[in-house]
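Listed here are the chains, written in short residue letters.
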Amino acid sequence: MRSQFDIRSQPGFGVIALITFFALYLPMATLVAYSFNGADSLSVWEGFSLRWFVSASQNEAVQDAAIRSLVIAVWAATIATTAATMAALAMTRTRPYRGLTFKYALINQPLMVPEIVTAVALLIVFSRIKVWTGYSGLGFLIAAHTAFCLPFAYLPIRARLESMDLTLERAAADLYATPWQAFRHVTLPLLRPAIIAGFMLSLVISLDDVVITEFVKSGGQDTLPTYMLGQIRRETTPEINAIATIFLVLSTILVVIFFFINRRKQ
């Protein structure tokens, strides 16, 4: 009888997994540890201190960048999740037709194309629009983040719609519910966990984005990641470690919430 293949029993797999784990997370752990360093140096430990967290919280540039990041992320995630919900409904609650696969590929295009290509394309288009309109506000960053976040919101919502029992919606129609009533009272409550998960995932992606933001932003529009990148280029202090630690904790919390929402909907 043929034995079942088990990757965990393969020689050396555990060692490779352990090395990979440490290679990924040891630098993060070091960064977090040195964010509590009381010294001015990034590499010399002089005792535990919250000095750099206090310094970061009182830094107006950090405050402005953090608020700007949050505003852009909330708007981008909201618009992307709304558009993804409508697209997923339109593409799953219909009979297959010619061009459906193309539309699916088009929505997921930002996942397949290197981010630097998307960033350069957006830079070319938005620079022309800025010249024509004279507008250079946050709208361009919100639009760019929305375009990039759309597939991240679309995938969990579409997956949830495809796994839903259609008999509930048909029963609502048999009871003379209008399409809007069926959506509001049947489809939306069942879809809500996936919508929240798509929103949370889009929020994390937008908050973490550097490449597209760096290409699209105008002067004085630094987000927290681009502000940190600029500080590293100039002068690195443990304050950057403190900001990165806060950012890491926030991103982790959002990802954990996304994970538990996904588990619950299953």
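Residues numbered from 1 in each chain as written. Predicted model: local features only at pLDDT ≥ 70, side-chain atom pairs only at ≥ 80, totals over all residues. Heavy atoms only, no water.

Once that is clear, we can look at the nonpolar core. With 19 residues, the main nonpolar core has Leu203, Leu207, Leu224, Tyr227, Met228, Ile243 and Leu254 as its most contacted residues. Setting aside residues up to four positions removed in sequence, Leu254 forms contacts with Met200, Leu203, Val204 and Leu207. (Core = buried A, V, L, I, M, F, W, Y, C linked by side-chain atoms within 4.5 Å. Buried < 20%, exposed > 50% of the residue type's maximum accessible area, 1.4 Å probe, protein only. Contact = heavy atoms within 4.5 Å.)

If you walk through the whole model with that rule in mind, you get 2 salt bridges. Among the salt bridges present, the one from Arg158 reaches Glu162, with a minimum N-O distance of 3.0 Å. With Arg158 and Glu162 both in helix α7 (residues 139-163) and 4 residues apart, this pair spans about one turn of that helix. Here Lys217 makes a salt bridge to Asp222, at a shortest N to O gap of 3.3 Å. (Salt bridge = Lys/Arg side-chain N within 4 Å of Asp/Glu carboxyl O. Helix = DSSP H or I, 4+ residues; strand = E, 2+ residues; numbered from the N terminus.)

What follows deals with the environment of Tyr25. Tracing the backbone shows Tyr25 in helix α1 (residues 13-34). Here the alpha-carbon distance between Tyr25 and Leu123, two residues 98 residues apart in the chain, equals 34 Å.

Mapped onto the elements, Ile157 comes out in helix α7. Sequence separation between Ile157 and Ser218 is 61 residues, and the spatial gap between their C-alpha atoms is 33 Å. With near-sequence residues (within four places) excluded, Ile157 lies in contact with Thr81, Ala84, Thr85, Ala88, Leu191, Ala194 and Ile195.

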